[in-house]
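Here's the letter readout for the chains.
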Amino acid sequence: MEHEISKREMKTQQSLVLIKPDGLLKSLTGNILTELSDTKLIIAGAKIVEVTKELAEEHYHHLMEEKFFDELIKYIMGEYHVKRVLALVYHGEDAISKIRKVVGATNPEKAEPTSIRGKYGRITSKGVFENVVHASENEKEAEREIKLWFKPEELAHTIYPTEEMEVKKVEYFWKTDKKKK
Ligand code: IDP
Ligand code: MG
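Residues numbered from 1 in each chain as written. Chains lettered and ligands numbered in written order. Predicted model: local features only at pLDDT ≥ 70, side-chain atom pairs only at ≥ 80, totals over all residues. Heavy atoms only, no water.

Comments concerning the layout of surface pockets
It is the rolling of a water-molecule-sized probe over the atoms that shows where space remains empty. The computed volume of the largest pocket comes to approximately 350 Å³. Taken together, 18 residues form the lining of the largest pocket, with Lys20, Tyr60, Leu63, Thr106 and Asn131 sitting closest to its centre. Secondary structure elements with two or more residues in the lining of the largest pocket: strand 6 (133-135) and helix 8 (139-149). Split by residue class, the lining of the largest pocket holds seven nonpolar, five polar and six charged. Taken as a whole, the second largest pocket encloses approximately 300 Å³ of empty space. (1 Å grid on protein atoms, 1.4 Å probe; cavity = no way out; pocket = protein on both sides within 12 Å on 5 of 7 lines; lining within 4 Å. Points joined across faces, edges and corners; volume = space filled by probe spheres on them. Helix = DSSP H or I, 4+ residues; strand = E, 2+ residues; numbered from the N terminus. Nonpolar A, V, L, I, M, F, W, Y, C, P; charged D, E, K, R; others polar.)

Below, the structure written as structure tokens:
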């Protein structure tokens, strides 16, 4: 019994989910979050991100050699839809496979018809799989992606070890209207 519990605890995972620009433009955020909530996983972080070229290329660095790479970068940066994505971190038991199952296969035409990509994805005339969501493929990728998209303080609890560093930073405040006497 004890062994069973520790085995289960070892499977606690994280997954980075992105609602891609087509998902936001098509007003699918609510539907997608509802489908993901069926996994009973916990949301550990959420934010809207305007994706820079650097972030896009780093996120998809493993696909750099693919012929669809440039189009993929434009797609995730929102050139064809809206210039933002909703980034989420899900946490819990078997998070990666549970989420990948709900999300469906990469190619929306091959994805299970009831999966998110099967329902809402499409292949564009330029050959990009506009598949509405991203979900981490394995634990190693999840860690790399979460550390790329989120700062430790943006997550509700500590997922990966952190270290302290002193930084000098400029903060912005609302400008006040100082009237002359
Ligand atoms: P994944 O998103 O299911 O993990 P990856 O192979 O990591 O699939 O590819 C990242 C993204 O690149 C996909 O979600 C999809 O938008 C796009 N993509 C992947 N393979 C192809 C392809 O063969 N043609 C067009 N777009 C693709
Ligand atoms: Mg992938």
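Read on for the rest.
Looking at the nonpolar core
Val51, Val89 and Trp149 are the most contacted members of the largest nonpolar core, which has 25 residues in total. For this core, the element with the highest residue contribution is helix 5 (residues 69-77), accounting for six residues. In contact with Val51, other than residues within four places in its own chain, are Ala56, Ile76, Met77, Val85 and Trp149. With 19 residues, the next largest nonpolar core counts Val17, Ile32, Leu36 and Val132 among its residues. (Core = buried A, V, L, I, M, F, W, Y, C linked by side-chain atoms within 4.5 Å. Buried < 20%, exposed > 50% of the residue type's maximum accessible area, 1.4 Å probe, protein only. Contact = heavy atoms within 4.5 Å.)

Focus on the sheet that holds strand 1 (residues 12-19)
The strand order across the open sheet formed by four strands is 2-3-1-6, and the pairing between neighbours is antiparallel. What marks the edges here is a single partner per strand, and that holds for strand 2 (42-49) and strand 6. The sheet shows a mean angle of 15° between the axes of neighbouring strands, taken without regard to direction. When strand 1 meets strand 6, the two strands line up antiparallel, connected through three bridges. In the strand pairing of strand 6, Ile19 is matched with Val133. Against the sheet, helix 6 (residues 95-103) makes contact with strand 1, strand 3 (85-93) and strand 6, and its axis sits at roughly 30° relative to strand 1, the strand it touches most. (Pairing = 2+ DSSP bridges. Axes fitted to C-alpha atoms, helices over the stretch in contact; angles between N-to-C directions.)

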